[in-house]
Amino acid sequence: MAFLELKNVEKGFGTGSERTEILTDINLDIKEGEFVAIVGYSGSGKTTLISLIAGLLHPDIGTVKLEDEIVSEPSPDRAIVFQNYSLLPWLNVFENVSLAVDQIFPSWTPAKRREQVEKYIGMVNLTPALLKTPAELSGGMRQRVSVARALAMEPKILLLDEPLGALDALTRAVLQDEICHIWERDKKTVVLITNDVDEGILMADRIIPLSAGPKASLGKSIPVNIPRPRDRKEINNNPEYRRIRKEVIDYLLGEGGKKRDSLERALTLPDIEPEDLTHQPTFFTPRRAPKRRGEKKKENIEVAA
Amino acid sequence: MSNEAFNKLLSFLRTIRFGWVIPFILLARGEEPKVQLRAILSGVIVPLLAIGIFLFGWNIASKQIVTKFGTVPGPRQVTSAWGSLMNEIRLEKIKKEDHFRRLREKRLGYVTKYEAVINDLGPIPDLKPSPKNTEALETLSAAFEEIEELLEVSNKVSIAPDADTAKKTVEGFNFESSRTLGATVVQSLLPLELAYSSAEQEWNLAPKYNPVEGDTEEILQSKSALKSSRSKSLAAKKADLLIERQRITSLATDQSVGILEAVPSSTRRTLRKIDANASALAPILSEKLTRVLADEAAGTKYKNKAKLKIMNKNFSEKPYPGKDTYVSQILTSLKTVFAGFIIASLIAIPLGVVCGLNKTINNAFNPLIQIFKPVSPLAWLPIVMIVVGALYSSDDPMFEISFINSAITVALCSLWPTLVNTALGVASTDKDFLNVARVLKLSWSKKIFKVVLPAALPLIFTGLRLSLGVGWMVLIAAEMLAQNPGLGKFVWDMFQNGSSETLSMIMVAVFTIGIIGFVLDTVMLSLQQLVSFGEAI
C-alpha cells in the first residue's frame, strides 16, 4: 500500500475559453521513507503538483491520499519548503521556527518547544544566527531556516518545491549535501521538485520526469540505484548515473517535450504609431511623438522535439 | 564606538532628516575631506544660500506692496511679531502673579476685617497679618510697583510732543530702572514716533494729489508718483516704528521678569504658605456656612451670616482667567489634530483590514471611499457642527464643542489615506506568507495578528503619515470656522482685528504651521522606517 497516492489527478485554471489544463492524468505512488524527485520544465506545473499534494489546491478530478486519507486541506503533516523561503521578515530565525513549533505542539512545555526549535536550527548549522532577521541572512541561510522550520514541524512527508532554485551553484551544492545528510538521519518521506536533473539523481531514490505543459503528466519512474552516500565528484563517471541522466533527458526532450508543440501564449507586441512629419508644429499644437501602444497578441510557439 | 553602531547612528540621522550633519561628522573623523566638503557644499551651503536668497527677495518685494495694514511684512517684521508673541507669554505670567497678589491682599484684608467670623470658626490655618506675612506681601507689592511703572514707561514717553517734554517725564519716574528705560525710549523710540507722525501729516495732504479735471498728462504722472512715494515712505516708517516698539516692550518685560525673579525665595515660601492656608480655610468656611444655613432653617439665628457669606465667596477657589497665549494655541491645535487623527485611525485601520481581507467588502466600500475622499473640510464642517450640536449637549461638557467639531472634521478628512493604504497593504500580503499560515493551520486571529498585520505594517504607516499630513492641513481651516482656540482661530482673529501687526502675525502662524507640519511628518517617517523590515523577502 502506498504511503502517498495520487490517482488520475487533473487540474486546470480558469473557465470556458480561458481555461488552461495544467496537469492531466497524474498517477503517483510513494512509499514511506522514500525520496522522490520530480523533474520538469519551468512552467510545466511542478508547483501546482506540489500544492495539490500539500492541500493548498484541490484536484478537479482524481484524488490525493496520504495514508489512505483524502487530502482536503493543508496540514502540518505535509510541510512545504517554498522556493522563495517565505520566512516572515519581521521575525528572527528563532521566532520563525518557533511560530511553527508553538502552533503544532501547543501541549508541550515552553522549555521543550524551545529545545525543539534549537535542535532543528542546530541541525541546519544556524545556531550562531539564532537572533538574526531574514534580511540579515544570505539566500542559502534563509533556505536553511525554511528547511529547519519544515523539519521542526515533524511532518509525515516533506515537500520541497525547487528549494535550491534561487541559489548560486556553490551554495546549492552545499545545501544538497546537507539535505541528504539530514534525510539519511531519519529517512523521512520527501518529494523534491526540481528543474535540475543532476540534482534529482544525486539526491533521490527515484526520479520521475514531468512532461512539458499544458496538460503535463508524469513520465516513467526511474529508480536511482546508486549507493549512498553519493559523491558528487565521482558520480560523473558512474555509468548508472549517466544512463539515468540520458533516460530522463531523452524523455524531457523527446516524448515529454513534444507536448509543447502547440503552446499558445499571450505576447505584448510593440505597436508603434509613427511621428507625423507632415504636421507643422506650433506652440499649441506640438508634433505628435511616436506612440507605442503595446497591443496584446497571441503567439503560437512551435517547439522542435 | 564600533563601526556597526556608527553606521546605525548615521542611518538614524538620515531617517530623522538630519542627514546634512553627516558630512560634518565624517569630516571631524578625517574621512575623505574632499568628498565631505563637496557634500557640505551641496547639502548645507546650497540650501542655506537658497534660504538667504528667499529672505532677500522677500525683503525687497515686501517693501513694494502697500496694503491697508501697511507694507507687506518682511522678515524683520515677522521676527518682531514672533518676539511680540513670546513677549505676551511672559507678560501673561507677570499678570498671573499680579492677580494672585491682589487676591492674597484682598483675602488677608477680609481676615482682619471680619475677625469675629474667624474667631467663630475655632482653630484655623495661620492667616493673621503676622510681621512675616506683612513683610512678604510688601516686598511683592514693591516689586509690582516697579514693574507697573516699567511697563508704562514707553506709553508715557512716546506720547510726548517733543524730546524735552519726554525727558522731563522720564525724570518724574520713581524707579532707577524706569528712568534708564525711559532714557532709551527717548533716544530710540521717540524719534521714530515723531518721524511717523510727521509722515502721517504729510500723508494727510495726499488728497491734494488726487487727479482733478484739467490736469495735463505730466501733472497727473507727477501727482501719482508723489502719492505713491509718500504712501510707501509712511508705510516704511510705520514698519520701523512697530519693530522698535516691540523691542522696547520686550525690554520692559525682560526687566520686569528680572525684578520678579529677584524676589527672595524666603518671601516666596511665605507667600506660598499664605496661599496654602487660604485654600485650607475655604472648606472650613463653606462647611460653617452650610451649618449656619441649616441652623437658620431650624430657627437659630447667626448674627454674622452676611459677613460669613462674603468670606466664603472670597475664599472659594477661582481659576485664573488667563488669556490664550500663542503656545497654548499651538498646544490646542496639536491636541485637536491628534484627537482627530486617533479617531480616524481607530476607524480606518480595522475597516482597511476588513476591506483588504475580503474582496466583496472592498467592492462594497470602494465607491463610498472614492466619493468621500476628495471632499473638502469646509464641506464637512457644517454637517459636523449641526450633527454634533444635536447629539452632544451637556451643561458641563468634558470637551469644548468647537474642539469636537474640529477633531471630527479632521478625522473625516484624514481617514482616507490610512483606509486605502491599509486595505492595499493587507490585500497585497505575500501569498507565500498566507500559504505558511494555511499549512500551520493558524487560527483567524493568529493569522491576522501574526502574519497579515505585520506584513501590512509598512503600508499602514505610510497611510498614517499621509493622514497626519492631511489632518494638519485641514485642521487650520476647521479651526477657523469652528472657532476652536488653536492656530486656525489665531489666524482668523488676526485677520479680523485688522491691527498693524495683522499680516506679520499671520505670517508667523504660517511659518509655525509649516514647521510643525514638517516635524510631524519627520516623526511619522521615522516610525514608518522603524516598522519596515529591511529588504522585502
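Rules of the game
- Residues numbered from 1 in each chain as written.
- Chains lettered and ligands numbered in written order.
- Predicted model: local features only at pLDDT ≥ 70, side-chain atom pairs only at ≥ 80, totals over all residues.
- Helix = DSSP H or I, 4+ residues; strand = E, 2+ residues; numbered from the N terminus.
- Buried ≥ 20, exposed ≤ 12 C-beta atoms within 10 Å, placed from the backbone.
- Contact = placed C-beta atoms within 7 Å.
- Rg over C-alpha atoms; globule rule 2.2 N^0.38 Å.
- Axes fitted to C-alpha atoms, helices over the stretch in contact; angles between N-to-C directions.
- Parallel < 35°, antiparallel > 145°, perpendicular 65-115°, else oblique.
- Nonpolar A, V, L, I, M, F, W, Y, C, P; charged D, E, K, R; others polar.
- Pairing = 2+ DSSP bridges.
- Domains from an automatic or database assignment.
- pLDDT = per-residue confidence, 0-100.
- Left-handed = near helix turned anticlockwise from the far one by under 90°.
- Core = buried A, V, L, I, M, F, W, Y, C linked by C-beta atoms within 7 Å.

## Points about the overall build of chain A
Thought 1: Secondary structure summary: chain A contains seven helices and 14 strands in total.
Thought 2: Every one of the 305 residues in chain A was classed for burial, and the buried ones make up 39%.
Thought 3: By sequence separation, contacts in chain A at least 24 residues apart represent 68% of the contacts at least 6 residues apart.

## Here's the deal with the overall build of chain B
Thought 1: Along its length, chain B carries 19 helices and two strands.
Thought 2: Relative to the compact-globule value of 24 Å for 537 residues, chain B shows a C-alpha radius of gyration of 32 Å, a clear excess of over 25%.
Thought 3: The principal-axis extent of the C-alpha atoms belonging to chain B is close to 95 × 85 × 65 Å.
Thought 4: Looking at chain B as a whole, 29% of its 537 residues qualify as buried.
Thought 5: Long-range contacts, defined as pairs at least 24 residues apart, comprise 77% of the intrachain contacts of chain B with a sequence gap of at least 6.

## With respect to the packing of helix α4 (residues 75-113) of chain B against helix α19 (residues 502-531) of chain B
All names here are of chain B.
Thought 1: Across the interface, α4 lies against α19 with an axial gap of 8 Å and an inter-helix angle of 80°. With respect to α19, the element α4 is oriented roughly perpendicular. Counted together, Gln77, Val78, Ser80, Ala81, Trp82 and Leu85 of α4 and Ser504, Met505, Met507 and Val508 of α19 form the full contact between these two elements.
Thought 2: The class makeup of the residues in the contact of α4 with α19 is seven nonpolar, three polar and no charged.

## As for the pairing of strand β9 (residues 206-210) of chain A
All names here are of chain A.
Thought 1: In terms of burial, β9 is a largely internal element, four of the five residues being buried.
Thought 2: In this sheet, β9 lies alongside strand β3 (residues 35-40) in parallel orientation, the contact comprising five bridges. In the strand pairing of β9, Ala37 is matched with Ile207.
Thought 3: Bridge count between β9 and strand β10 (residues 222-223): two bridges; the pairing is antiparallel. Residue Ile207 lies in a different strand from β10, and its bridge partner there is Ile222.

## Digging into the domain arrangement of chain A
Thought 1: Here the domain parsing of chain A yields domain 1 (4-262) and domain 2 (265-301).
Thought 2: Of note, the centres of domain 1 of chain A and domain 2 of chain A, computed from C-alpha atoms alone, are 46 Å apart.

## Details of the interface of chain A and chain B
Interfaces are often described in size by the accessible area the parts lose on coming together.
Thought 1: The interface of chain A with chain B comprises 22 residues on the first partner and 16 residues on the second.
Thought 2: Sorting the residues of the side of chain A that touches chain B by element identifies β6 (78-81) and α2 (93-104) of chain A as the ones contributing at least two each.
Thought 3: Here the side of chain A that touches chain B takes four residues from α2 of chain A, the largest share from any one element.
Thought 4: Along the lines of polarity and charge, the residues of the side of chain A that touches chain B split into 17 nonpolar, five polar and no charged.

## Concerning the domain arrangement of chain B
Residue and element names in this part refer to chain B.
Thought 1: For chain B, the assigned domains are domain 1 (3-64), domain 2 (75-268) and domain 3 (326-531).
Thought 2: Look at where the C-alpha atoms of domain 2 and domain 3 centre, and you get two points 43 Å apart.
Thought 3: On the side of domain 3, eight residues touch domain 2, which itself brings eleven residues to the contact.
Thought 4: Elements represented by at least two residues in the side of domain 2 that touches domain 3 include exactly α4 and α9 (217-261).
Thought 5: In terms of residue count, the dominant contributor to the side of domain 2 that touches domain 3 is α4 (nine residues).

## Some thoughts on the environment of Phe372 of chain B
Residue and element names in this part refer to chain B.
Thought 1: Counting through the fold element by element, Phe372 comes out in helix α13 (residues 359-372).
Thought 2: Look at Phe372 and you get partly exposed, because 14 C-beta atoms sit within 10 Å.
Thought 3: Measuring from C-alpha to C-alpha, the distance between Phe372 and Leu415 comes to 9.9 Å, with 43 residues separating the pair along the chain.

## Here's the deal with the confidence of the model for chain A
Thought 1: Predicted confidence across chain A gives a mean pLDDT of 83, with 89% of residues reaching 70 or more.
Thought 2: Element-level mean pLDDT values for chain A span from 65 in strand β14 (residues 295-301) of chain A up to 91 in α2 of chain A.

## Topic: the sheet that holds strand β4 (residues 61-66) of chain A
As a general point, the strands of a sheet are linked pairwise by backbone hydrogen bonds and lie either parallel or antiparallel.
Residue and element names in this part refer to chain A.
Thought 1: Spatially, four strands are ordered β2-β1-β4-β5 in an open sheet, and the strand pairing comes out antiparallel. Across the chains shown, the open sheet's two edge strands, defined by having one partner strand only, are β2 (20-30) and β5 (69-70).
Thought 2: Direction of pairing for strand β1 (residues 4-13) relative to β2: antiparallel, over a ladder of seven bridges. Within β2, the residue paired with Leu4 across the bridge is Ile30.

## What to know about the sheet that holds β6 of chain A
Residues and elements named next belong to chain A.
Thought 1: Pairing within the open sheet is mixed, and its six strands lie in the order β6-β7-β8-β3-β9-β10. Unpaired on one side and paired on the other, β6 and β10 mark the two borders of the sheet.
Thought 2: Strands β6 and β7 (157-161) of the sheet are contacted by helix α4 (residues 139-152), whose axis makes an angle of about 180° with β6.

## Things to note about the packing of helix α12 (residues 326-357) of chain B against helix α17 (residues 444-482) of chain B
Residue and element names in this part refer to chain B.
Thought 1: Direction vectors running N to C along α12 and α17 enclose 140°, while the axes themselves pass 8 Å from each other. α12 and α17 meet at a crossing whose hand is right-handed. Each of Ser333, Thr336, Val337, Gly340, Phe341, Ala344, Ser345, Ile349, Val353 and Gly356 in α12 lies in contact with α17, whose residues at this interface are Ile448, Ala456, Ile460, Leu464, Ser467, Leu468, Gly471, Trp472, Leu475 and Glu479.
Thought 2: Looking at the contact of α12 with α17 residue by residue, the class counts come to twelve nonpolar, seven polar and one charged.

## Let's talk about the pairing of β3 of chain A
Thought 1: Burial within β3 of chain A is extensive, with six of its six residues counted as buried.
Thought 2: Every second residue of β3 of chain A is oriented toward a common face, with Phe35, Ala37 and Val39 of chain A on one face and Val36, Ile38 and Gly40 of chain A on the other, all of them buried.

## Notes on the confidence of the model for chain B
Caution is warranted with low-pLDDT regions, since their predicted coordinates should not be read in detail.
Residue and element names in this part refer to chain B.
Thought 1: In this model, chain B carries a mean pLDDT of 87, and residues with pLDDT of at least 70 account for 99%.
Thought 2: When mean pLDDT is taken per element in chain B, α12 scores highest with 94 and strand β2 (residues 70-71) scores lowest with 74.
Thought 3: Scored as a complex, the prediction yields pTM 0.80 and ipTM 0.77.

## As for the nonpolar core
Thought 1: One finds Val97, Ala148, Leu159, Val191, Leu192 and Ile207 of chain A to be the most contacted residues of the largest nonpolar core, which totals 138 residues.
Thought 2: In terms of residues, this core owes the most to one element, α17 of chain B, which gives 18 residues.
Thought 3: Dropping the residues within four chain positions of it, Ala148 of chain A is found in contact with Val97, Tyr120, Ile121, Met123, Val124 and Leu126 of chain A.
Thought 4: In terms of nonpolar packing, the next biggest core, distinct from the first, is built from 28 residues, Ala136, Val185, Val186 and Leu308 of chain B among them.

## Topic: unusual backbone geometry
All names here are of chain A.
Thought 1: One non-glycine residue with positive phi stands out, namely Asp25, at about 55°.
Thought 2: Within the fold, Asp25 resides in strand β2.
Thought 3: You can call Asp25 partly exposed: it has 13 C-beta atoms within 10 Å.
Thought 4: Positive phi outside glycine occurs at Asn125, with the angle close to 60°.

## Some remarks on the environment of Ser499 of chain B
All names here are of chain B.
Thought 1: Within the element layout of this structure, Ser499 appears in the loop between α18 (487-497) and α19.
Thought 2: Note on Ser499: 12 C-beta atoms within 10 Å, which makes it exposed.
Thought 3: As a C-alpha pair, Ser499 and Asn155 span 344 residues in sequence and 17 Å in three-dimensional space.

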